[in-house]
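For reference, the chains in residue letters:
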Amino acid sequence: MTSIPIDAVVRSFPVDATTAWDLVTDLRNHERWIPLTRVTVDGSTVTAVSGPLAKRGFPGLTDVMTIDTYEPPTGDEPGIATYTKVGRVLKGHASIVVVPSGPSSSKVFWSEEVYLAGPLPRRLTGAVLKPFLGVMVRYALRRARNEVRATDHNS
C-alpha cells in the first residue's frame, strides 16, 4: 500500500492517472511551474536552481535530489515517486503520489520535508521552510492542473 504523507498538498487533475503521472513526475516540467527556477535531469539526479536570474544560467540556491522510487500507476494502483535532497544546503525528502480516481481523473499528492544543512536543528529549519514550500507546491500544482485544462480545452 502506498503511503501518503498527512501534510501532502493534494489536487484533482481532469486526466487519467498515467497522464497526470507523466506530467508531474517529469521534473523538467517543474521549471514551467516554479518561478525563477531551472531544472536539469541527469540519470537519477535532478538539480533545480532557483534565483532571480537562474533561468538565464546564473547561480542561485541549488536543490540536488536523487530519484529513489519511480513506480508509475497501474490499473487502480497509485504511482509513487520519492526523492532525497542531497545538496550542500537543502536536505530532506519529497514525494509525489498519483492516485487514479476515475477513468479520466486522478489526484496528485505532493509533499516536501526539507531542512537546511548546517549547525541549526533540523526541526527549526524545517519549520521555517515549511510554509514557503507549501506555497510553492500549491502554486506548482495549480499551474500544472491549469496547463492540463488548457491543453484539454484546446483539443
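Every value quoted in this text rests on a predicted model; they were computed, and no experiment measured them.

Novice: Hey, could you run me through the environment of V41 in this one?
Specialist: Position of V41 among the secondary structure elements: in strand β2 (residues 37-42). Residue class for V41 comes out partly exposed when judged on its relative accessible area of 37%. Along the sequence, V41 and P119 sit 78 residues apart, while their C-alpha atoms lie 29 Å from each other. Filtering out sequence-adjacent residues up to four positions away, V41 remains in contact with R28 and V46.

Novice: I tried to follow the pattern of salt bridges on my own but got confused; where do I start?
Specialist: For the coordinates displayed, the defined rule picks out five salt bridges. The partner of R32 in a salt bridge is E147, with the nearest N and O atoms 2.5 Å apart. In this pair, R32 is assigned in helix α2 (residues 30-33) and E147 in helix α3 (residues 122-154), connecting sequence segments 115 residues apart. Look at R32 and you get partly exposed, because its relative accessible area is 38%. The salt bridge involving K85 is made with E112; its shortest N-O contact spans 3.3 Å.

Novice: It is not clear to me how unusual backbone geometry should be interpreted in this structure. Could you clarify?
Specialist: Its identity is not glycine, yet L36 carries a phi of approximately 60°, on the positive side. Following the sequence through the fold, L36 ends up in the loop between α2 and β2. Using a relative accessible area of 48% as the deciding quantity, one classes L36 as partly exposed.

Novice: Help me understand the pairing of strand β6 (residues 90-102), please; the structure alone is not making it clear to me.
Specialist: Every regular strand shows the same layout, with side chains that alternate between the two sheet faces. Bridge analysis of strand β5 (residues 79-86) against β6 gives eight bridges, and the strand direction is antiparallel. Counted as the bridge partner of I80 is V97 from β6. As judged from the 12 bridges shared by β6 and strand β7 (residues 105-116), these two strands associate in the antiparallel manner. Of the residues in β7, the one forming a bridge with G102 is S105.

Novice: So what exactly am I meant to see when it comes to the environment of V99 here?
Specialist: Summarising the element assignment, V99 is placed in strand β6. For the pair V99 and K130, spaced 31 residues apart in the sequence, the C-alpha separation amounts to 24 Å. Excluding residues that lie within four positions of it along the chain, V99 makes contacts with I4, A17, P78, S106, K107 and F109.

Novice: Teacher, can you tell me more about the side chain of T82 here?
Specialist: Relative to the assigned elements, T82 resides in strand β5. Separated by 2.8 Å, the side chains of T82 and T69 make a polar contact. Excluding its chain neighbours within four sequence positions, the residues that come into contact with T82 are T66, I67, D68, T69, A94 and S95.

Novice: Whenever I open this one, the nonpolar core confuses me. Can you help?
Specialist: Within soluble globular proteins, side chains that are nonpolar tend to cluster in buried spots. F13, I96, V98, V108 and W110 are the most contacted members of the largest nonpolar core, which has 32 residues in total. Of all the elements in the fold, those that place two or more residues in this core are β1 (9-13), α1 (17-24), β3 (45-50), β5, β6, β7 and α3. Considering each element in turn, this core owes the most residues, eight residues, to α3. In contact with I96, other than residues within four places in its own chain, are W21, V24, T25, L27, H30, G79, I80, A81, Y83, V108, F109 and W110.

Novice: Whenever I open this one, the environment of P72 confuses me. Can you help?
Specialist: Along the chain, the position of P72 falls in the loop between β4 (61-71) and β5. For the pair P72 and V97, spaced 25 residues apart in the sequence, the C-alpha separation amounts to 9.1 Å. Ignoring any residue separated from it by four or fewer positions in sequence, one finds P72 in contact with W21, P78 and G79.

Conventions adopted
- Residues numbered from 1 in each chain as written.
- Predicted model: local features only at pLDDT ≥ 70, side-chain atom pairs only at ≥ 80, totals over all residues.
- Heavy atoms only, no water.
- Helix = DSSP H or I, 4+ residues; strand = E, 2+ residues; numbered from the N terminus.
- Buried < 20%, exposed > 50% of the residue type's maximum accessible area, 1.4 Å probe, protein only.
- Contact = heavy atoms within 4.5 Å.
- Salt bridge = Lys/Arg side-chain N within 4 Å of Asp/Glu carboxyl O.
- Pairing = 2+ DSSP bridges.
- Polar contact = N/O pair within 3.5 Å; in protein donor to acceptor, adjacent residues only side chain to side chain.
- Core = buried A, V, L, I, M, F, W, Y, C linked by side-chain atoms within 4.5 Å.

Any functional reading would require information beyond the geometric quantities listed.
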